[in-house]
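The lines below spell out each chain.
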Amino acid sequence: MRYAHKNGFKISLISNGLLIDNKVLGLLAKYVFIIGISLDSIDEKTNQVLGRQRFRLVMKNIQKLVDGGLSVRVLSTITRVNRKQIPDLLSTVKEMKVEELKLNDIVLNGRAVKNMSALALERPLRESANELVKDVKTILNENVNFTPLFKCECNQDDLYIDYQGDLYPCVEMCYDSKKYCLGNVVRDKLDKLLRVNKNFYNQIKSHDYCAYSYMSSPSFSACLNRCKCPRNLSVYMDNAKK
């Protein structure tokens, strides 16, 4: 973060929110532009089902970040387990003065693959979008805008680094496939990684590849059709690495 900040990057960080003590808070306040904290529910039983035993500590640390003046986003994945609890989550986020609640459709990644039968929504999130609109209007008093399709956010200036140091053009490509990995920031030279990313971007910049349905208000957003990168993007990535 120090290196990126020194070289003029704006840093956003995604965290589970467990290890934010005063020392870490000071570092985040100095170097991080936006911090996103994962929180899927404020219900104790639901968090136990999801394997999140320390969610109260997470909520405490979210408040600590907000009080510390950071730009905080709460990131929630909607599943069958927590779908009906979204209104409570909206109310809590508003009360904590978090800048935005960002809802995400579930993706086939990690433990979700083995537990999809228990987590998958009964109907796609985009088909119940009107219910979310009503919740946002009632609880946040905000109007929601729909964008059926929007342009791919990949560009030569934005990058995503995962917890292993693997570099991707964007966070969604990380979830979608290892094919989109540009390389590793520990093992590979940075100028090479940036060159591959630029080559990839130059191939896609004139195309509208993103397949998401998107909805947003001033303090709420939701991706309704996540991880739908077209298959032909992998061809462009192969070309970029040559």
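Computed from a prediction, not measured in an experiment: that's the story for all the values here.

Colleague: Would you mind going over helix 2 (residues 22-31) with me for this structure?
Modeller: In an α-helix there are 3.6 residues to a turn, and that puts residues three or four apart on one side. Of all the residues in helix 2, the buried ones are Leu25, Leu28 and Tyr31. Angular distribution of buried residues about the axis of helix 2 spans 150°; they occupy a single face of the element. Pointing more than 90 degrees away from the buried face of helix 2 are the exposed residues Asn22, Lys23 and Lys30. Packed against the buried residues of helix 2 are helix 1 (2-6), strand 1 (11-15), strand 2 (32-38) and helix 4 (55-67). The N-cap residue of helix 2 is Asp21: its side-chain oxygen and the backbone nitrogen of Lys23 are 3.2 Å apart.

Colleague: Looking at this structure, I do not really get the packing of helix 5 (residues 86-96) against helix 7 (residues 129-140). What am I missing?
Modeller: The relative placement of two packed helices is expressed as an angle between their axes plus a distance between the axes. Running from N to C, helix 5 and helix 7 point in directions that differ by 35°, and their axes come no closer than 10 Å. With respect to the hand of their crossing, helix 5 and helix 7 are arranged in right-handed fashion. Of the residues in helix 7, those in contact with Ile86, Pro87, Leu90, Ser91 and Lys94 of helix 5 are Leu132, Asp135, Val136, Ile139 and Leu140. Classifying every residue of the contact of helix 5 with helix 7 gives seven nonpolar, one polar and two charged.

Colleague: Is there a simple way to think about a nonpolar patch on the surface in this case?
Modeller: A contiguous nonpolar surface patch, about 630 Å² in accessible area, is contributed by Tyr3, Leu159, Ile161, Val185, Val186, Leu190 and Leu194. Position of Ile161 among the secondary structure elements: in strand 6 (residues 160-161). Among the residues examined, Ile161 registers a relative accessible area of 47% and is labelled partly exposed.

Colleague: Is there a simple way to think about the nonpolar core in this case?
Modeller: Side chains of nonpolar character tend, in soluble globular proteins, to be buried together. Within the largest apolar cluster, 40 residues are counted, with the highest numbers of intra-cluster contacts made by Ile62, Leu65 and Met215. Among the elements of the structure, helix 2, strand 2, helix 4, strand 3 (72-78), helix 5, strand 4 (100-105), helix 7 and strand 10 (220-223) are those that each provide at least two residues to this core. Within the second largest apolar cluster, 21 residues are counted, among which are Cys174, Cys181, Tyr209 and Leu233.

Colleague: So what exactly am I meant to see when it comes to the side chain of Asn197 here?
Modeller: Within the element layout of this structure, Asn197 appears in helix 9 (residues 190-204). In contact with Asn197, not counting residues within four places along its chain, are Asn155, Gln156, Asp158, Leu159, Pro169 and Leu182.

Colleague: Would you mind going over the environment of Lys242 with me for this structure?
Modeller: Its place among the elements puts Lys242 in the segment after helix 10 (233-241). In sequence terms Lys242 and Leu193 are 49 residues apart; their C-alpha atoms lie 12 Å from each other.

Reading the values: rules and limits
- Residues numbered from 1 in each chain as written.
- Predicted model: local features only at pLDDT ≥ 70, side-chain atom pairs only at ≥ 80, totals over all residues.
- Heavy atoms only, no water.
- Buried < 20%, exposed > 50% of the residue type's maximum accessible area, 1.4 Å probe, protein only.
- Helix = DSSP H or I, 4+ residues; strand = E, 2+ residues; numbered from the N terminus.
- Arc of directions from axis to C-beta.
- Contact = heavy atoms within 4.5 Å.
- Polar contact = N/O pair within 3.5 Å; in protein donor to acceptor, adjacent residues only side chain to side chain.
- Axes fitted to C-alpha atoms, helices over the stretch in contact; angles between N-to-C directions.
- Left-handed = near helix turned anticlockwise from the far one by under 90°.
- Nonpolar A, V, L, I, M, F, W, Y, C, P; charged D, E, K, R; others polar.
- Patch = residues over 30% accessible without salt bridge, like charges linked within 9 Å, V, L, I, M, F, W, Y side chains within 5 Å.
- Areas by Shrake-Rupley, 256 points an atom, 1.4 Å probe, with all protein chains shown as cover.
- Salt bridge = Lys/Arg side-chain N within 4 Å of Asp/Glu carboxyl O.
- Core = buried A, V, L, I, M, F, W, Y, C linked by side-chain atoms within 4.5 Å.

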